[in-house]
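Each chain is listed here by its residues.
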Amino acid sequence: MVLSSVLGFPRIGANREIKKAVEAYWGGKLPEAELLKTAAEIRKSNWATIKAQGVDLVPSGEFTLYDHVLDHSVAFNVIPKRYQGHGLSLLDIFFAMGRGRQQGGVDVPACEMKKWFDSNYHFVVPEISGDVDFKLNYNKALDEFKEAKAAGVTTRPVVLGPISYLVLGKAARDASAGFAPISALSKLLPVYEQLLSELKAAGVESVQIDEPVLVLDAAASYAKEYESAYATLSKVSPPIVLATYFGRLGDNLSFVAKLPVAALHIDLDREPKQLAAVASAIKGTSLVLSLGVVSGRNIWKTDFAYAASLAEEAIAVLGEQRVVVATSASLLHTPVTLTNEKKLPAEQLDWFSFATEKAAEVATIAAYLSKSSSPAVLAALAANKESIAKRRAFEKESDDAVRKRVAAITPAMLSRQNPFSIRVKAQHEHLKLPSFPTTTIGSFPQTKEIRTARAKLGKKEITEEEYNEFIKKEIETVVRFQEKVGLDILVHGEPERNDMVQYFGEQLQGFVFTQNGWVQSYGSRYVRPPIICADVSRKGPMTVEWSSYAQSLTDKPMKGMLTGPVTILNWSFPRVDISRELQSKQLALALRDEVNDLEKAGISAIQVDEPAIREGLPLRRVDWDGYLTWAVDSFRLSTAGLTDKTQAHSHFCYSDFNDIFPSILALDADVISIEASKSDMKLLNAFKEFKYSNEIGPGVYDIHSPRVPSVEEIKERITGMLTLIPADLLYINPDCGLKTRGWKETEAALANLVEAAKWARQTYA
């Protein structure tokens with residue numbers, strides 16, 4: 001019999017219950033007991049939902065109120081000293097590490113965040129030093145296993161593996177010079193032994209240990225650590241299912257196949273070609289092979305015939321009893337359920353599968369492979385065959401004009417008229433900015449009033465004209481504030497935008513949208529990714545009206561704000577029938593038209609944000625060049641039509657740029673802004689090393705935290721930046737957009753930023 005498995009499930013609730021409860025707790029409107037009660041209700045609902053789909057192996061322990069890696073850090077007592085000694089509960093320490101805290105006499109910034117491999121999910125980076133006192137503050141995996149059992153569901157606990165945890169961490173500020181987090185493995189393993197032995201004593205039948213770094217090139221250097229760690233853990237643990245995802249094992253298979261674990265999970269959604277090598281490598285062992293044939297990263301309905309063919313290939317080598325059908329990764333990257341989608345046409349609804357439906361898919365495929373004669377299974381197979389055939393027929397249709405335009409792209413379309421050294425003179429003459437120019441990244445607070453107005457428009461409770469008048473007033477409020485506080489390059493604040501990707505998708509051909517397709521990005525920040533389903537083109541100007549109106553209110557330069565083609569692609573659910581390159585270039589051509597129209601309308605600085613360009617980088621270095629070529633070309637295609645006097649800005653966040661710095665240079669943006677405050681400005685070393693000569697604005701404060709930085713704090717950051725960046729190239733700005741912040745903290749933080757910039761002009765100019 002072939003079993004079915006789900007590696008993890010969305011933890012947000014079908015109606016975003018966790019977001020609402022967590023934010024109410026932060027606001028002092030919900031007691032801790034009620035927050036924990038809501039969390040328990042969502043966990044119980046998740047387990048019941050997965051079980052109801054017929055899944056054999058139901059996960060537990062992967063739920064979190066903010067981030068699963070952060071949960072791991074607090075549970076294992078990896079708590080930096082700055083969060084200790086304030087009399088905070090473990091829950092409040094947990095949230096302080098995730099988002100900072102500035103209340104009750106406690107003023108601490110948040111820990112650094114990074115992207116979870118090549119996804120748009122952010123994890124909180126563990127801070128490790130030789131002095132960390134690893135201990136088990138609580139056994140979350142055990143607690144939730146018992147909780148599920150009491151609810152009538154026997155689960156398989158999920159734990160982040162010790163080596164992935166350490167490799168994803170960073171040396172703490174107080175760590176000795178040259179300290180590598182992996183060197184703490186021997187101190188960490190006893191805590192894992194305790195956790196796993198407690199699971200075994202509680203009757204846990206198997207435990208899923210996630211080791212996603214095994215799909216990275218770097219994992220090869222940790223082969224000995226893997227061998228010693230799992231030799232130790234396997235002696236005290238329930239049978240271990242070693243889970244890898246998002247990529248291929250590659251050469252790491254040589255040592256992974258020998259590890260003393262009970263089962264190995266591989267991602268066949270991303271890397272189906274690895275199946276033959278993996279099956280062959282473990283054939284002579286007793287390892288069970290878990291096959292990730294149902295995508296945990298996309299929302300397209302699984303082709304049962306194709307998925308089953310992969311499983312049958314494995315069964316032919318290993319036998320039915322050694323094969324499990326599973327999701328490729330945790331389903332946290334997908335929306336909860338299609339049942340909440342009431343507006344999609346039936347044809348489009350039939351294309352998709354969200355987390356709940358994906359759980360049913362793995363169960364159905366496993367039942368088919370187990371030769372089930374259940375009428376429900378046979379009906380599901382027949383319906384899937386018909387559905388896939390209809391979608392394939394739709395996918396064959398294309399927009400001939402769009403395809404011809406992409407085919408007609410020439411090298412000349414990828415280059416500005418002159419190099420930056422010439423452009424910058426024209427821009428300085430045109431814009432007449434002071435030294436250390438101040439600006440923001442784009443968005444201003446999305447207030448309750450803005451959201452209410454947008455909802456009323458959607459319900460037709462107000463007219464389009466009334467809504468537009470409301471938006472104009474909001475834009476004027478933002479412009480007047482920026483003038484008052486003294487910023488140099490202004491933005492219109494984006495009150496008309498629901499999301500930096502969805503907003504553009506709604507104005508482009510080729511996208512469809514969900515009502516409730518929410519996915520967690522970080523903490524309580526959820527996004528609703530658009531779905532690319534056809535060739536993409538621009539219907540007409542998308543931002544020109546609002547940017548032009550904002551510019552009409554002020555004599556200061558107004559930035560036009562666009563989301564770049566690679567980011568729109570990476571933060572959408574893309575098509576899987578054509579290449580990402582083709583989709584990106586279609587988006588780039590649409591944005592090129594918008595950029596050119598903004599310039600014609602008198603906008604002298606245009607920001608094309610690419611925060612996801614690093615995120616989309618393939619996990620294996622051998623695959624980088626192809627991606628970077630079309631990603632850079634797509635950005636340049638968007639911006640190269642500008643004249644010399646117009647600045648092309650771009651923004652990047654939460655990324656390590658060192659490895660791809662030549663590609664950052666190749667973008668040829670006039671001004672870039674980057675996240676720097678939470679990474680201790682270590683990213684800036686690359687800009688000095690590579691002698692970056694264009695203008696740059698490293699973020700001087702973290703906008704993902706509600707705390708307000710002092711003037712002195714920002715001065716210190718500017719001083720540090722000037723050791724790495726020439727004064728004539730430095731812009732002063734926050735880390736990211738201000739959409740999620742409140743007005744009170746925004747006003748205070750930007751006032752301090754401007755004051756610090758004035759100080760810099762007096763001190764360094």
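Residues numbered from 1 in each chain as written. Predicted model: local features only at pLDDT ≥ 70, side-chain atom pairs only at ≥ 80, totals over all residues. Heavy atoms only, no water.

## Side note on the UniProt feature "binding site: Zn(2+)" (unreviewed entry) in the protein chain
Threshold: UniProt positions are given in the numbering used here, feature names are shortened, and annotations may be inferred rather than shown by experiment. Here a helix means four or more residues in a row that DSSP labels H or I, a strand means two or more in a row labelled E, and each is numbered from the N terminus. Here, two residues are considered to be in contact whenever any of their heavy atoms come within 4.5 Å of each other.
The feature "binding site: Zn(2+)" (unreviewed entry), as given by UniProt, occupies His651, Cys653, Glu675 and Cys736 in the numbering adopted here. Across 86 residues, the annotated set stays spatially compact, with a maximum C-alpha separation of 8.5 Å. Mapped onto the secondary structure, Cys653 falls in the loop between strand 21 (647-652) and helix 24 (661-666). Excluding anything up to four places from it in sequence, Cys653 contacts Pro611, Glu675 and Cys736. Note that Cys736 resides in the loop between helix 26 (711-721) and helix 27 (743-764). With residues near it in sequence (within four places) discarded, Cys736 still touches Ile441, His651, Cys653, Ile703 and His704.

## Remarks on the sheet that holds strand 19 (residues 559-563)
Backbone-to-backbone hydrogen bonds join strands into a sheet, with any given pair of strands oriented parallel or antiparallel. Formally: A pair of strands counts as paired when DSSP detects no fewer than two bridges linking them. Axis definition: a line fitted to C-alpha atoms, limited for helices to the stretch in contact. Angles are taken between N-to-C directions and run from 0 to 180 degrees.
Judged by pairing direction, the sheet is parallel, and its 5 strands sit side by side in the order 19-20-21-22-23 without closing on themselves. Among the strands making up the open sheet, the edge pair consists of strand 19 and strand 23 (695-698). Taking each pair of neighbouring strands and ignoring which way they run, the sheet shows an average axis angle of 20°. Note: strand 19 against strand 20 (residues 605-609), 5 bridges, orientation parallel. For Leu562, the partnering residue across the bridge sits in strand 20 and is Val608.

## Considering the sheet that holds strand 1 (residues 3-5)
The parallel open sheet is built from 8 strands, whose spatial order is 1-14-13-12-11-10-8-2. Strands at the two margins of the open sheet, each flanked by one partner only, are strand 1 and strand 2 (58-60). Shown here is a sheet whose adjacent strand axes are inclined to one another by a mean of 30°, direction ignored. As paired elements, strand 8 (residues 155-160) and strand 10 (residues 207-210) share 3 bridges and run parallel to each other. Following the sheet pairing, Leu160 is matched in strand 10 by Asp210. Across the sheet, helix 2 (residues 32-52) lies against strand 2 and strand 8, angled at about 165° from strand 2, the strand it touches most. Against the sheet, helix 7 (residues 185-201) touches strand 8 and strand 10, its axis set at about 180° to strand 8.

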